[in-house]
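# Summary of the model geometry
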Amino acid sequence: MIAGRTTHHTPHTTHRKPKTENRKPHTDNRTLTPSPLNPFSTHHRVIGLWYLFSCLIWLGIGGLLALAIRWQLAWPWSNMPILGSWLFADSGGTITPEFYTVLFTMHASVMIFFVLIPILTGGFGNLLIPPMIGAKSLAFPQLTRIAFWLMWLAFGAMVLSFLTPARGAASGWTAYPPLSVFGGNFGTGDASGNRVAQAWWLVGILLTSVSSLLVAINHVTTILQMRALGMTMFRLPATVWAMLVTSIMQLLALPILILASVMQWTDISLGTGFFIPAEAAHSVAGGQVLLWQHLFWFYGHPAVYIMILPAMGMVSDILACFARKPLFGYHSMVWSNIAIASLGFIVWGHHMFVSGMNFTIAMSFMISTMLIALPSGVKVFNWIGTLWGGRLQLTTPMLLGVGFVSMFIIGGLSGVVMSVPPVDVVLHDTHYVVAHIHYVLFGSSVLGMFGAIYFWFPLMFGRLMSERLGKLHFLTTFIFLNGTFLPMHLLSRMPRRYADPYADSLAEFLPLNQWITWCAMGMAASQLIFLANFLWSLRFGILSQSNPWQSNGLEWSGVDSNAANDDNEPLEVFRWPYEYSSPDRESDFFPQWEKESDQPERNESPNGD
Amino acid sequence: MNRFWSILFAIVPLAAFVVLSMVCLKLVPLSTMGLPQPINAPGQSIDFLFRLVHGLCAGVLFFTSITIVWSLWQSRSAAGGTRRAAYIKSNLLLELAWTAIPGALLLWLAFYQMEVWSDTRLNQPTQIIGQETVAVPPLVLVKARQYGWEFHYAGADQQIKTADDVYIENLLVVPANRDVVLELESRDVIHSFFVPELRLKQDIVPGMSHRVWFNANPADQLEILCTELCGEGHYRMRARMRVVAPATFDSWLDAEARKNQPAEFQ
Ligand code: HEM
Ligand SMILES: [Cu+2]
Ligand SMILES: [Cu+2]
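Residues numbered from 1 in each chain as written. Chains lettered and ligands numbered in written order. Predicted model: local features only at pLDDT ≥ 70, side-chain atom pairs only at ≥ 80, totals over all residues. Heavy atoms only, no water.

### Examining the overall build of chain A
Formally: Numbering of helices and strands starts at the N terminus; helices are DSSP runs of H or I of at least 4 residues and strands are runs of E of at least 2. Only protein chains enter the accessibility calculation, which uses a 1.4 Å probe; a residue whose area is less than 20% of its type maximum is buried, one above 50% is exposed, and one in between is partly exposed. Throughout, a residue-residue contact means that at least one pair of heavy atoms, one from each residue, lies within 4.5 Å. Each accessible area is a Shrake-Rupley result for a 1.4 Å probe, and residues are judged covered by the shown protein chains and nothing else.
What chain A contains, in helices and strands, is 17 helices and zero strands. Each of the 609 residues in chain A was classed as buried or not, and the buried ones make up 68%. Of the contacts formed within chain A by residues at least 6 apart in sequence, a portion of 79% connects residues at least 24 apart. Surface exposure of chain A reaches about 19300 Å², of which carbon and sulfur atoms provide 69%.

And the structure:
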């Protein structure tokens, strides 16, 4: 086991040992030169860590919101323990229908805009891109920190939305007008202040979008301009390719979201009528209700891939490393990113098959949606190709990586089911969709994110996380996640976003929903194992050697690319990052930074386990 | 440990595979995966597509999962031994195959399902009056509002939106085995008209007028569910629906018309 071995602490020597004079003695060869606690730093790594911590906090908040949703779906209108008396004091501890609407709106908004997008791009992107390409920093250090602080400003706007009498935005993360613009109940006007809450929500979304835009600019420039000597585009690891393509998608998609949210904001606050039809009461203009849906999904569909491509990239690297095999079909992996990104911009109509959009054009969205399943499928097959015949080391990050693949298959397949319009007519806006999105977003993206934390933890903190707790965390999360989301496929009769569905024809679904809630609680509890492991390992984790997983990636070279070490020789890259188990070599890996001529020293146990 | 993890990774696809097989083979209780039995012909063809595409999924799930689980399983002995991982970078033939075969299947599916789509969504039913073939006129104007359903029946003049419309709230009664056309409009925000038994769903967008149609077998106790978030009372926005014999329908509508004031339709 890796963790056991590293206690002897025999750093794998690189051919170019960094000069040791500038190093603080106690920090191995990975100096945290800039104070890691300074949130105003412009250092990519420090800000990356701040992203990581912030997003994990937001993940906790989003998770609690999810538990409240599940509570209501299992035991409608009953007092919620602990949180209930605090959150819902006005209603005597029970969730009101109004607040239920807020709950699922905020759950999705937090998870999408404050957890998955920022942790994958701002968090892992900032942390990994520079060391993976051998750059000393990101291209625009000021943007690095501005982007991060915009996230907290955005979160502030969400909190303001929560502090309004309406207790938060309540029109879903999709914010369809006219509901979002009118706010609450139409007949009685906006008694509960929903419009104000929605306006603050839009400000929050706007700020996260600007933040993501800055991150994307920063990453694209860095990847294109600041690669080390020898780091050609086709020697970039899958992670970096995914980050590049993701950033380009963000650059193209975010302006539309920014535009649309400004339009909705002015509809609410300045009385414009972009999305309000002439026929509506109080209408001053002849707006288009469906225009919002087109704009939103033009952003929204690329957004779902923005939330998974980086995780796909990181999982590709993890799988190759622990299968001790070259990433299968590296080139098709790269091209499938590009295919997904391009097709991703012409499939948005699959969210609108029953929206009243022209029925003939639905057919072209159907075809493009089926086409996008192809590159997604190619990726799955390549991952399996990577595992096949490997010498698998089932460490925690590897288990999470395999979990990612296995969950993505299920989520991708339910996507294909819904891409058939006559079938989607039945499934749309029911819990089947909820099952789909959670298989891809939780089953895949979140598992991938955890895998990346376990894998790059030594790079971030110089220590390894506990494998024992890690595996327990994986095991329980995996079981409960499937217990929660697999049965949701059987709820294709039950509409989404119902505060209390259990009347008449839907009464029979109560027991299944209670089961789901039990599993969801188990899933939430499992994350406490992760929290404990994370905090414990920060302080007491086994000290890691410079390349604990014997990975080929440049980020493990042990050469510190921090600003304080300007006098390091520039890094040079000699090959792609997947030279595992080459028949020409004794050792089963050949890092990107090792020269051909260097006879690698024989490690005591070059092959792990 | 590899065995343990292999089994873990096998369980979920296996469970999913069993469910999918039951769907494809129409085995109770999962013959329709939680949906009620359809009561109209397009509902049945949609269900056929539903089973077909889930069947394809079952196949993909089977092969991918078997290979994943096997990869994990076979490497159990590798841990202690000296066997190295295979050094394979890619395989053009294999990659072409696993792009082309699913591609061909999907393309076939894409074209195959179009007929059902045009039946249910594009070709409004027609009737022959004298020499002419004309579209069946709407029987009911459905007005959705926060949080309820209004049904304005065409009166004696067989036209909706006229003074003799018959107004009923939260109950939709329609004749069986006849082409029924509904016109859907909203009074406030977006709603959605969903009848699971008809496999029919249509969002109702303010400012637009939508048409849906069906030809159903008799059925009692149907429910219309709103499937687009329309506010706090979204979950309450449900109405009862019955499909009755045409004669019953006619006399029912007559009775309702007599006790009904002329409805306000706008
Ligand atoms: C194989 C590829 C995929 C296909 C064919 C596909 C297809 C679809 C379709 C047709 C819908 C619309 C369902 C409906 O509302 O009726 C949908 C919804 C959704 N998909 Fe996918 N999907 C795929 C992959 C993904 C991935 C990778 C993600 C995210 C990582 C994702 C996230 C979502 C989300 C969040 C929604 C629901 C949005 C909402 O209504 O709130 N999908 N997908
Ligand atoms: Cu989409
Ligand atoms: Cu509704």
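### Here's the deal with the overall build of chain B
Rules: For the charge count, each Lys or Arg is scored as positive and each Asp or Glu as negative, with His and the chain ends excluded. In this description, the location of a charge corresponds to atom NZ of lysine, CZ of arginine, CG of aspartate or CD of glutamate.
Helices and strands together make up the secondary structure of chain B, namely five helices and twelve strands. C-alpha extents for chain B along the principal axes are approximately 90 × 45 × 35 Å. Per-residue burial over chain B gives 53% buried out of 266 residues. Total accessible area on chain B stands at roughly 11800 Å², and carbon and sulfur atoms take up 62% of it. Separation of charge centres in chain B, based on 22 positive and 24 negative side chains, amounts to 15 Å.

### Some details on a nonpolar patch on the surface
Residue and element names in this part refer to chain A. To be explicit about the condition: Like-charged residues within 9 Å of one another, or nonpolar side chains (Val, Leu, Ile, Met, Phe, Trp, Tyr) within 5 Å, are grouped into patches, provided each residue has over 30% relative accessible area and no salt bridge. Salt-bridge detection follows one rule: a side-chain nitrogen of Lys or Arg within 4 Å of a carboxyl oxygen of Asp or Glu.
On the surface, a nonpolar cluster with roughly 410 Å² of combined accessible area is contributed by Val159, Leu160, Leu163, Val196 and Trp200. Of all the secondary structure elements, the ones that give two or more residues to the nonpolar patch are α5 (141–163) and α7 (194–225). Here the nonpolar patch takes three residues from α5, the largest share from any one element. Counting through the fold element by element, Leu163 comes out in helix α5. Among the residues examined, Leu163 registers a relative accessible area of 54% and is labelled exposed.

### A look at the sheet that holds strand β7 (residues 180–186) of chain B
All names here are of chain B. What counts, and what does not: Strand pairing requires that DSSP identify at least two bridges connecting the strands. To obtain an axis, a line is fitted to C-alpha atoms, over the contacting stretch when the element is a helix, and the angle between two such axes runs from 0 to 180 degrees between their N-to-C directions.
Read across the open sheet, the five strands follow the order β5-β4-β3-β7-β10; overall the sheet is mixed. Looking at which strands have only one partner, the edges of the open sheet turn out to be β5 (166–169) and β10 (210–214). Taken over all neighbouring pairs, the strand axes of this sheet differ in orientation by 25 degrees on average, direction set aside. By the bridge criterion, five bridges tie β7 to β10 in an arrangement that is antiparallel. Directly across from Val180, in β10, lies its bridge partner Phe214. Packed on one face of the sheet, helix α5 (residues 246–259) meets β4 (148–153) and β5 and runs near 95 degrees to β5.

### So, the coordination of the iron atom of ligand 1
Test applied: In this analysis a donor is any N, O or S atom within 2.8 Å of a metal ion (3.2 Å for sodium, potassium and calcium), and since water is not included, sites may seem incomplete.
One donor from the polypeptide reaches the iron atom of ligand 1: His436 of chain A (NE2), at 2.2 Å. The residue His436 of chain A is located in helix α15 (residues 431–461) in this model.

### Some remarks on the side chain of Arg496 of chain A
If you trace the backbone, Arg496 of chain A turns up in the loop between α16 (467–485) and α17 (510–540). Discounting residues that sit within four places of it in the chain, Arg496 of chain A has contacts with Asp429, Thr430, His431, Val433, Val434 and Ile437 of chain A together with His234 of chain B.

### Concerning the packing of aromatic side chains
Residue and element names in this part refer to chain A. Where we set the bar: Ring pairs shown here join Phe, Tyr and Trp side chains whose ring centres sit within 6.5 Å, with only the six-membered ring taken for Trp; geometry is labelled stacked below 30 degrees between planes, edge-to-face above 60, and tilted in between.
Tallied over the full model, the rule gives 62 aromatic pairs over all chains. Seen from their ring centres, Trp58 and Phe155 are 5.3 Å apart, and the 35 degrees between their planes marks the pair as tilted. Of the two residues, Trp58 sits in helix α2 (residues 44–74) while Phe155 sits in helix α5, which places them 97 residues apart along the sequence. Owing to a relative accessible area of 15%, Phe155 belongs among the buried residues under this scheme.

### With respect to the sheet that holds strand β11 (residues 219–226) of chain B
Sheets are built from strands that pair by backbone hydrogen bonding, the pairs being arranged parallel or antiparallel. Residues and elements named next belong to chain B. Ordered by their spatial adjacency, five strands build an open sheet running β6-β12-β11-β8-β9, and the pairing between neighbours is mixed. Two strands close off the open sheet at either side, each with one partner strand: β6 (171–175) and β9 (200–204). On average, each strand axis in the sheet is tilted by 20 degrees relative to the strand beside it, whichever way the strands run. Of the pairings in the sheet, the one linking strand β8 (residues 191–195) to β9 comprises five bridges and is antiparallel in character.

### Comments concerning the coordination of the copper ion (ligand 2)
Residue and element names in this part refer to chain A. The coordination sphere of the copper ion (ligand 2) contains the protein donors His301 (ND1), His350 (NE2) and His351 (NE2), at a distance range of 1.8 to 2.0 Å. Each donor residue of the copper ion (ligand 2) lies on one chain, and together they are spaced H-x48-H-H. Taken as a pair, the copper ion (ligand 2) and the iron atom of ligand 1 show a spacing of 4.6 Å. One end of the pair, His301, is in helix α9 (residues 289–306); the other, His350, is in the loop between α11 (330–343) and α12 (361–387), and 49 residues separate them in sequence. With respect to burial, His301 and His350 carry one shared label: buried.

### Quick notes on the packing of α11 of chain A against α12 of chain A
Residues and elements named next belong to chain A. The test is simple: The labels follow the angle: roughly parallel below 35 degrees, roughly antiparallel above 145, roughly perpendicular from 65 to 115, and oblique for the rest. Crossing handedness is read from the near helix: turned anticlockwise from the far helix by less than a right angle, it gives a left-handed crossing, and turned clockwise, a right-handed one. Three residue categories are used. Nonpolar comprises Ala, Val, Leu, Ile, Met, Phe, Trp, Tyr, Cys and Pro, charged comprises Asp, Glu, Lys and Arg, and polar comprises the others, including Gly.
Viewed as axis vectors pointing N to C, α11 and α12 meet at an angle of 155 degrees, and their least axial separation amounts to 9 Å. Comparing the axis directions of α11 and α12 gives the class roughly antiparallel. Pair α11 / α12 crosses with left-handed handedness. Between α11 and α12, the residues in contact are Ser332, Met333, Ser336, Asn337, Ala339, Ile340 and Leu343 and Leu371, Ile372, Pro375, Ser376, Val378, Lys379, Asn382 and Trp383, respectively. Along the lines of polarity and charge, the residues of the contact of α11 with α12 split into nine nonpolar, five polar and one charged.

### Quick notes on the interface of chain A and chain B
Operational definition: Buried area, as used here, totals the accessible surface that two parts lose on assembly, with accessibility defined by a 1.4 Å probe and the loss added over both. Nitrogen and oxygen atoms within 3.5 Å of one another constitute a polar contact, given that in protein one can donate a hydrogen and the other can accept it, and given that sequence-neighbouring residues count only through two side-chain atoms.
Listed per partner, the contact involves 113 residues of chain A and 90 residues of chain B. Between chain A and chain B, roughly 8400 Å² of surface is buried when both sides are summed, and carbon and sulfur atoms account for 71% of that area. On the chain A side of the interface with chain B, the three residues burying the most area are Phe359, Arg391 and Arg493 of chain A, jointly 8% of the side's total. The interface formed by chain A and chain B holds one salt bridge in total. Between Glu197 of chain B and Arg493 of chain A there is a salt bridge, with its nearest N and O atoms 3.1 Å apart. Counting across the interface, chain A meets chain B through 22 residue pairs in polar contact (both at pLDDT 80 or more). Tallied by class, residues from the side of chain A that touches chain B come to 70 nonpolar, 26 polar and 17 charged.

### A short note on the domain arrangement of chain B
All names here are of chain B. For clarity, the cut-off: Annotation comment: domain bounds sourced from an automatic or database domain assignment.
Its domain assignment divides chain B into domain 1 (2–86) and domain 2 (136–265). Summarising the inter-unit geometry, the C-alpha centres of domain 1 and domain 2 are found 40 Å apart. Taken together, the contact pairs eleven residues of domain 1 with eleven residues of domain 2. Contact between domain 1 and domain 2 buries roughly 810 Å² in total, counting both sides, with carbon and sulfur atoms accounting for 58%. Our enumeration of links across domain 1 and domain 2 arrives at one salt bridge. Where domain 1 packs against domain 2, one counts five residue pairs in polar contact (both at pLDDT 80 or more).

### Some remarks on the confidence of the model for chain B
To be explicit about the condition: pLDDT gives the predictor's per-residue confidence on a scale running from 0 to 100.
Looking at chain B as a whole, the pLDDT averages 91, with 95% of positions reaching at least 70. The ipTM for the predicted assembly is 0.95, set against a pTM of 0.92.

### Digging into α5 of chain A
Since there are 3.6 residues in each turn of an α-helix, residues three or four apart along the chain are aligned in direction. Residues and elements named next belong to chain A. Heads up, the condition is: By this rule the span expected of a helix is its residue count minus one, scaled by 1.5 Å.
Given a rise of 1.5 Å per residue, 23 residues ought to cover 33 Å, and the 34 Å separating the end C-alpha atoms of α5 matches this to within 8%. When we look at burial in α5, the residues that qualify are Thr144, Ala147, Phe148, Leu150, Met151, Ala154, Phe155, Ala157, Met158 and Ser161. If you follow the buried residues of α5, they end up packed against α2, α4 (97–133) and α7.

### Quick word on the site of ligand 1
All names here are of chain A. Counted only if it meets this: Consider each residue's heavy atoms; a residue with any of them within 4 Å of a molecule or strand counts as near.
As a matter of local geometry, ligand 1 sits amid 22 residues, with Asp424, His428, His436, Ile437 and Arg496 nearest to it. Measuring from an oxygen atom of ligand 1, one finds a side-chain N or O atom of Asp424 at 2.5 Å. Within the side chain of His436, an N or O atom sits 2.9 Å from a nitrogen atom of ligand 1. For the shell around ligand 1, the elements supplying multiple residues, two or more each, are α9, α13 (396–418) and α15. Across the shell around ligand 1, the residue classes break down as twelve nonpolar, eight polar and two charged.

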